[in-house]
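# Coordinates in review
Here are the chains, one letter per residue:
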Amino acid sequence: MGNKPPNFSNSDNPAADHPSLLTRTLTFLHLPAANVWLFLCPDTLSFDWSMDAVPLVRGLADWRNLHTAAFYLGFLLLAWFGLRSTHQQVAPKHTRDTNGKVHHNHVANGKNNGNANGHGYTHGGGDREHTADTDSPHVEPHGAAATAVQNGACEARTPPPLPASETVALFSLGMLAIPFLPATNLFFYVGFVIAERVLYIPSMGFCLLAAVGMRCLYVRVQCRSSRAVLVYCGAALVLLFGVKTVLRNQDWQNEEMLYKSGIYVNPAKAWGNLGNVLKNQGQMEEAEQAYRNALYYRRNMADMLYNLGLLLQENKKLSEALHYYKLAIGSRPTLASAYLNTGIILMNQGRLDEAKHTFLTCADIPDENLKDPHAHKSSVTSCLYNLGKLLHEQGHQEEALSVYKEAIQKMPRQFAPQSLYNMIGEAYMRLNKLAEAAHWYQESLKAKPDHIPAHLTYGKLLATTGQKTEAEKYFLKAIQLDPTKGNCYMHYGQFLLEESRPREAAEMAEKAAHLDGGEFDVVFSAAHMLRQASLNEAAEKYYGQAASLRPDYPAALMNLGAILHLNGKLYDAEANYLRALQLKPDDAITQSNLRKLWNIMEKQGLRTSTTAP
């Protein structure tokens, strides 16, 4: 944090940011009383007491001020009780008898000899005066007592006196109050309203205070039946609090139960955290409803708006996700992760100018007063990475490199740079600066030796520079790192095809299409390689699969028509050519293929005349 105190949002401690001095004062005076009430009656407990879990005390008419006054009055009375002087000792008197012997008359108050406060022990009843009188008759002890006296073992063993009630009370108050001081907002504002964790040490003082109170009551009550009632009440209190502990432990068995238990106290925070748990469990519909419940209670929670947007984005509800990301940015304009995902959605929707503007806005957010600086820097770096990637795909390699270098400057230590370095290598590759490209590919592999994209791109570079054997090693290493990734087989297949090894290329293509059957680029490339290897039946299968993945993509329909044309399925070929021309009427290749097809059909008597498309 740069030797600075942390910055908290308004929702963490609403009173700290309230403009009214009276509201701040009354609320902060009330909070210690609310904490003590958790000791006295822990009926309602919660993992989080931020936001509006304890409403602000806005004026003197609020009835909670009576609780505040009672708390401080009781606290002051206990402090006075603990600090007052209780040991009124009387100096011992010395007298001399007629025989010249000194008598020591020990006069002490009851606290030292077992009076009603129970600080000492009486032996045989009340205070006594012990004198040495030589005129008293000597009495021989009898029986066991005589034996003990003769052995010199009959010494009075008085148990050590218990500490004074006032001393224990004062010590208890100190243990109760002093560890709690940092949480009072007296010296600085804290990031919570009530936090039960700060009561762990004060609870020890509270237990001592309760114990000394019970002791005082016990020694002051003389009636045996009253003492029995007191003992039974104390036992019942311990039993009830023990039961409460057992019941509360059930809430702490897992996160889901804990967050559900806090819905009554802090519904916004509890529902939000519960949504995160449900999402991790794969219960997406329940998680979405939990997020919406949280926003029902507090509509401006940026983190919750972002989490809901993220969930919707993962469920392919991009327009709705974009709406919630924008709401999150409106609630917290420094939330870099919301800018990042907004830009990614805009890129996927083809709104490239808006995506650029979003990424640039994120990059310009100042690095001050942030809730999570490390996460912020990581998101800013990711925004710059995606902006550079966008520029790279548009062919603006120099601009992309400038953005990538800015990303490196802003990159935090914990950011994984391998993808960034790999894209820098790609940009240099497009600029035909092969030495620089090789350097950044190697940097990517140094950052993450098992980074598969860097193996593939570096393999392509080596193949381009004529280092075929080394290139093949990198392609094979990529496959070895993840044998389930079809893209690795695809790149290796393209390398084999360029090396005039079509059969091997076809084998790699079929593996790729089998593993990544839902990826259009992989399936389409596999079909192309199979066609190059003259495996037209297999090529037809994958061209058809590619066309089903993107039914409105003209190139997919044209290529499917072409392979059907080659395989003699003329009517099916015609249908696909015509569909492709509906989507792209001015495509010269499709028009040419269709004319050739009609010529064949006319020669075979399948068509009477040819009309140019």
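Report on the accompanying structure.

### Considering the overall build of the chain
Regarding its fold elements, the chain presents 26 helices and two strands. The buried share among the 613 residues of the chain stands at 42%. Carbon and sulfur atoms provide 56% of the accessible area of the chain, an area that totals close to 34700 Å².

### Here's the deal with the packing of aromatic side chains
On inspection of all chains with the given rule, the structure shows 16 aromatic pairs. Between Phe475 and Phe495 the ring centres are 5.2 Å apart and the planes differ by 40 degrees, which places this aromatic pair in the tilted class. Remark: Phe495 occurs in helix H20 (residues 486-498) and Phe475 occurs in helix H19 (residues 468-481); sequence separation between them is 20 residues. As far as burial versus exposure is concerned, Phe475 and Phe495 are alike and both buried. For the pair Phe524 and Tyr543, a centre-to-centre distance of 5.8 Å together with 75 degrees between the ring planes defines the contact as edge-to-face. With a gap of 19 residues between them, Phe524 in helix H22 (residues 520-532) and Tyr543 in helix H23 (residues 536-549) connect regions that are remote in the sequence. Through successive ring pairs, a cluster of aromatic residues spans Phe520, Phe524, Tyr543 and Tyr553. In this arrangement the basic side chain of Arg227 is found over the ring face of Tyr218, its NZ or CZ atom lying 4.4 Å from the centre. Above the face of the Tyr553 ring, Arg550 is positioned so that its terminal group lies 5.6 Å from the ring centre.

### Observations concerning the packing of helix H25 (residues 570-583) against helix H26 (residues 588-603)
Helix-helix packing is described using two parameters, namely the angle between the two axes and the distance between the axes. Packing of H25 against H26 brings their axes to within 10 Å, and their N-to-C directions diverge by 150 degrees. In terms of axis orientation, H25 runs roughly antiparallel to H26. Regarding H25 and H26, the two cross each other, and that crossing is left-handed. For the pair H25 and H26, the contacting residues are Leu570, Tyr571, Ala573, Glu574, Tyr577, Leu578, Ala580 and Leu581 in the first and Thr590, Gln591, Asn593, Leu594, Leu597, Trp598, Ile600 and Met601 in the second. Across the contact of H25 with H26, the residue classes break down as twelve nonpolar, three polar and one charged.

### Let's talk about helix H6 (residues 224-251)
Taking 1.5 Å of rise per residue, the 28 residues of H6 would be expected to cover 40 Å, and the 41 Å separating its terminal C-alpha atoms lies within 8% of that figure. Elements in contact with the buried residues of H6: helix H5 (200-220) and helix H7 (255-261).

### Section: the nonpolar core
Counting 116 residues, the largest nonpolar core has Tyr404 and Ile424 as its most contacted members. Listed in part, the 23 residues of the second largest apolar core include Phe28, Leu45, Ala195 and Phe206.

### Details of the environment of Phe188
Residue placement: Phe188 occurs in the loop between helix H4 (165-177) and H5. Residue classification places Phe188 among the partly exposed residues on the basis of a relative accessible area of 47%. Taking the C-alpha atoms as reference points, Phe188 and Ala16, separated by 172 residues in sequence, lie 9.5 Å from one another.

### Comments concerning the side chain of Asn13
Tracing the backbone shows Asn13 in the segment before helix H1 (21-40). The exposure class of Asn13 is buried, given its relative accessible area of 3%. Polar contacts involving the side chain of Asn13 include one to the side chain of Asn185, which spans 3.0 Å. The contact partners of Asn13, leaving out residues within four places of it in the chain, are Phe28, Asn185, Val190, Phe192 and Val193.

### So, the pattern of salt bridges
Taken as a whole and assessed by the stated rule, the structure comprises 21 salt bridges. With its nearest N and O atoms 2.8 Å apart, the salt bridge here joins Lys448 to Asp450. The exposure class assigned to Lys448 is partly exposed, which follows from its relative accessible area of 30%. Judged by its relative accessible area of 39%, Asp450 falls in the partly exposed class. Of the charged contacts, one joins Lys473 and Glu470 as a salt bridge, the two residues approaching to 3.4 Å between their closest N and O atoms. Of the two residues, Lys473 and Glu470 both sit in helix H19, three residues apart, roughly one turn of that helix.

### Concerning a nonpolar patch on the surface
A cluster of nonpolar side chains, namely Ile178, Leu181, Leu186, Phe187 and Phe188, defines an oily patch on the protein surface of about 550 Å² accessible area. With respect to the helices, strands and loops of the structure, Ile178 is situated in the loop between H4 and H5. According to the relative accessible area criterion, Ile178 is exposed, its value standing at 57%.

### With respect to the packing of helix H18 (residues 452-464) against H19
Contact geometry for H18 and H19: axes closest at 8 Å, N-to-C directions at 165 degrees. Relative to H19, the element H18 lies roughly antiparallel. Seen along the crossing, H18 lies across H19 with a hand that is left-handed. Contacts between H18 and H19 involve Ile452, His455, Leu456, Tyr458, Gly459, Lys460, Leu462 and Ala463 from the first element and Lys468, Glu470, Ala471, Tyr474, Phe475, Lys477, Ala478 and Leu481 from the second. Split by residue class, the contact of H18 with H19 holds ten nonpolar, two polar and four charged.

### Regarding the environment of Ala169
Here Ala169 shows up in helix H4. Between the alpha carbons of Ala169 and Val212 there is a distance of 6.9 Å; along the sequence they are 43 residues apart. Other than its neighbours up to four places away in sequence, Ala169 contacts Phe81 and Leu209.

### Some words on the side chain of Glu540
Summarising the element assignment, Glu540 is placed in helix H23. The exposure class assigned to Glu540 is buried, which follows from its relative accessible area of 13%. Those residues in contact with Glu540 that lie beyond four places of it in its chain are Leu560, Ile563, Leu564, Asn567 and Lys569.

### Points about the state of the cysteines
All told, the structure shown has zero disulfides when counted by the stated rule. This cysteine, Cys383, is not joined by any disulfide, and Cys362 carries the nearest cysteine sulfur, 3.2 Å off. Owing to a relative accessible area of 0%, Cys383 belongs among the buried residues under this scheme.

### A closer look at H19
Given 3.6 residues per turn, any residue in an α-helix points the same way as the ones three and four places further on. Here H19 is 14 residues long and its end C-alpha atoms lie 20 Å apart, about the 20 Å a rise of 1.5 Å per residue gives. Those residues of H19 lying buried are Ala471, Glu472, Phe475, Ala478 and Ile479. Buried positions in H19, seen along its axis, are confined to an arc of 115 degrees and lie on one side of it. Structural note: H19 exposes Thr469 and Gln480 on the side pointing more than 90 degrees away from its buried face. Turning to H19, the residues buried within the fold contact H18 and H20.

Calculation criteria
- Residues numbered from 1 in each chain as written.
- Predicted model: local features only at pLDDT ≥ 70, side-chain atom pairs only at ≥ 80, totals over all residues.
- Heavy atoms only, no water.
- Helix = DSSP H or I, 4+ residues; strand = E, 2+ residues; numbered from the N terminus.
- Buried < 20%, exposed > 50% of the residue type's maximum accessible area, 1.4 Å probe, protein only.
- Areas by Shrake-Rupley, 256 points an atom, 1.4 Å probe, with all protein chains shown as cover.
- Phe/Tyr/Trp six-rings, centres within 6.5 Å; stacked < 30°, edge-to-face > 60°.
- Lys NZ or Arg CZ within 6 Å of the ring centre and 35° of its normal.
- Axes fitted to C-alpha atoms, helices over the stretch in contact; angles between N-to-C directions.
- Parallel < 35°, antiparallel > 145°, perpendicular 65-115°, else oblique.
- Left-handed = near helix turned anticlockwise from the far one by under 90°.
- Contact = heavy atoms within 4.5 Å.
- Nonpolar A, V, L, I, M, F, W, Y, C, P; charged D, E, K, R; others polar.
- Expected span 1.5 Å × (residues − 1).
- Core = buried A, V, L, I, M, F, W, Y, C linked by side-chain atoms within 4.5 Å.
- Polar contact = N/O pair within 3.5 Å; in protein donor to acceptor, adjacent residues only side chain to side chain.
- Salt bridge = Lys/Arg side-chain N within 4 Å of Asp/Glu carboxyl O.
- Patch = residues over 30% accessible without salt bridge, like charges linked within 9 Å, V, L, I, M, F, W, Y side chains within 5 Å.
- Disulfide = S-S within 2.5 Å.
- Arc of directions from axis to C-beta.

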